[in-house]
Amino acid sequence: MSNANSPSDIVGKKVFFLYPTAVVQNKIIEELVQMEYEVYIAKDHAALRRLLKQYPDSIVFIDINEQLSDKEWDAWIQGVTALPELKDAVIGIVTANDKAETRQKYAGAAGLKGGYTVFKSDIESAVKHITAVLTAAAAKGRRKYLRATTETETMTTVNMPINGVFITGQIMDISVVGFSCAFEHDPVIVKNTLVNNIQVKLQSMLLNVEAIIFGSRMDGNSRIYVVLFTQRIDPVVRTKIRKYIQQNLQSKMDSELK
């Protein structure tokens, strides 16, 4: 467990899948993303081991059938779990290998806190097993929704109809609950204004939403508007926003893993 009042108790913990197969990426990770877990894919075990010192209470699921030999995986796992600074890290196995001796080796003798999850045809059971591990590890902390910061991305914008005219703004951050944005010229939108037919552009995705202006604040010379989606938002839109957030966070994490 993490220390009381640590940042992860508030914002949650990072969940890494090391060398996941295509099935894990397209089925299991996709499910976890829609559950609002902060999930990353790692394809470099040496880089991930270094990065764990920066995020010492992370949760790591390894596919032991990929990349390394049994002895090399044993050495990697022992090298991580033996470090005092990584005592709060949770290591688990997610694999198609259902051999009894392998399961006993990692789930039994090694005593990995993340358990041993087998995925084959029953993906649903594998997801349930993994989410049980994540729940026990308090992976979400006290946060409810993941948020991506986007103020440096030129292709993340909003077109908002105000007084019959569409005005374009820069989205600063976004979650499935709403987003914040700024305009080159402040349109002076009143709090609690309901706005229909908002066009949200997330790179190549164009989403149409309805939202309410929750409020605004000054940031230097710019006014930042906080915009909340209404309950009438299409569930498909929520799914696309979560996928975008995961891609956004993954891109930033890839830079850290280099």
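All of these numbers come straight from a predicted model, not from anything done at the bench. (Residues numbered from 1 in each chain as written. Predicted model: local features only at pLDDT ≥ 70, side-chain atom pairs only at ≥ 80, totals over all residues. Heavy atoms only, no water.)

Undergrad: With reference to specific residues and values, describe the pairing of strand 7 (residues 156-162).
TA: Counting buried residues along strand 7, 5 of its 7 residues qualify, which places the element largely inside the surrounding structure. Here 6 bridges tie strand 7 to strand 8 (residues 165-174), and the two strands are oriented antiparallel to one another. Pairing of V158 across the sheet is with G169, part of strand 8. (Buried < 20%, exposed > 50% of the residue type's maximum accessible area, 1.4 Å probe, protein only. Helix = DSSP H or I, 4+ residues; strand = E, 2+ residues; numbered from the N terminus. Pairing = 2+ DSSP bridges.)

Undergrad: Go over the pattern of salt bridges with me, naming the residues and quoting the values.
TA: According to the stated counting rule, one finds 9 salt bridges in the structure shown. For K14, the salt bridge is made with E38, and the minimal N-O distance between the two is 3.3 Å. Highlighted residues: K14 in the loop between helix 1 (7-11) and strand 1 (15-18) and E38 in the loop between helix 2 (22-34) and strand 2 (39-42), separated in sequence by 24 residues. Here the two residues K14 and E38 agree in accessibility, since each one is buried. Between K128 and E124 there is a salt bridge, and its shortest N-O distance comes to 3.6 Å. Note that K128 and E124 are positioned in helix 6 (residues 123-136) at a spacing of 4 residues, about one turn of the helix. Taking the relative accessible area as the measure of exposure, K128 reaches 53% and is therefore exposed. You can call E124 exposed: its relative accessible area is 54%. (Salt bridge = Lys/Arg side-chain N within 4 Å of Asp/Glu carboxyl O.)

Undergrad: Which residues make up the nonpolar core, and what are the values?
TA: The nonpolar side chains of a soluble globular protein tend to be buried with one another. The biggest cluster of nonpolar side chains holds 58 residues, and the ones touching the most others in it are I62, W76, M160, F179 and V200. Ranked by residues supplied to this core, first place goes to helix 7 (residues 235-257) with 7 residues. The next biggest cluster of nonpolar side chains, apart from the first, holds 23 residues, and it includes L32, V33, I41 and F119. (Core = buried A, V, L, I, M, F, W, Y, C linked by side-chain atoms within 4.5 Å.)

Undergrad: So what's going on with the packing of helix 3 (residues 45-52) against helix 7? Residues and values would help.
TA: Closest axis-to-axis distance for the helix 3/helix 7 pair is 9 Å, and the angle between their directions is 95°. Classified by the angle their axes make, helix 3 and helix 7 are roughly perpendicular. Judged by residue contacts, A47, L48 and L51 of helix 3 engage M253, E256 and L257 from helix 7. (Axes fitted to C-alpha atoms, helices over the stretch in contact; angles between N-to-C directions. Parallel < 35°, antiparallel > 145°, perpendicular 65-115°, else oblique. Contact = heavy atoms within 4.5 Å.)

Undergrad: Describe the sheet that holds strand 3 (residues 59-62), and please don't skip the residues or the numbers.
TA: Here 5 strands make up an open sheet; going across it, the order is 2-1-3-4-5 and the pairing parallel. Of all strands in the sheet, those bounded by a partner on one side alone are strand 2 and strand 5 (116-118). When the angles between neighbouring strand axes are averaged without regard to direction, this sheet yields 25°. Two elements, strand 1 and strand 3, share 4 bridges in a ladder whose sense is parallel. Opposite V15, over in strand 3, you have I59 as the bridge partner. In this fold helix 3 packs onto strand 1, strand 2 and strand 3, with an angle of close to 160° to the strand it touches most, strand 1. Contacting strand 1, strand 3 and strand 4 (90-95), helix 4 (residues 70-81) runs over the sheet at an angle of about 170° to strand 3.

Undergrad: Break down the packing of aromatic side chains for me, citing the residues and quoting the values.
TA: Overall, the coordinates contain 6 aromatic pairs when judged by the stated rule. Seen in terms of ring centroids, W73 and W76 are 6.1 Å apart; in terms of plane orientation they differ by 85°. Their pairing is edge-to-face. On the criterion of helical spacing, the pair formed by W73 and W76 is a turn pair, its members being 3 residues apart in helix 4. Among the residues examined, W73 registers a relative accessible area of 0% and is labelled buried. Relative to Y225, the ring of F183 has its centre 6.1 Å away and its plane inclined at 65°; by these criteria the two rings are edge-to-face. Of this pair, F183 sits in strand 9 (residues 178-183) while Y225 sits in strand 12 (residues 222-229), placing them 42 residues apart in sequence. Judged by relative accessible area, which is 2%, Y225 ranks as buried. Each residue in the set Y19, W73 and W76 is aromatic and connected to the rest through ring pairs, giving one cluster. In this arrangement the basic side chain of K140 is found over the ring face of Y37, its NZ or CZ atom lying 4.7 Å from the centre. The ring of F214 carries K191 above its face, with NZ or CZ at 5.9 Å from the centroid. (Phe/Tyr/Trp six-rings, centres within 6.5 Å; stacked < 30°, edge-to-face > 60°. Lys NZ or Arg CZ within 6 Å of the ring centre and 35° of its normal.)

Undergrad: Outline helix 2, listing residues and values.
TA: A turn of α-helix holds 3.6 residues, and therefore any two residues three or four places apart point the same way. With 13 residues, helix 2 extends 17 Å between its outermost C-alpha atoms, agreeing within 8% with the 18 Å of an ideal straight helix rising 1.5 Å per residue. Roughly 30° is the biggest bend found in helix 2, and it falls at I28. All buried positions along helix 2 are accounted for by V24, I28, I29, L32 and V33. Where helix 2 is buried, its residues meet strand 1, strand 2, strand 4, helix 6 and helix 7. Two residues or fewer after helix 2 comes E36, characterised by a positive phi angle close to 75°. (Expected span 1.5 Å × (residues − 1). Bend = angle between axes of the 7 residues up to and from the residue.)

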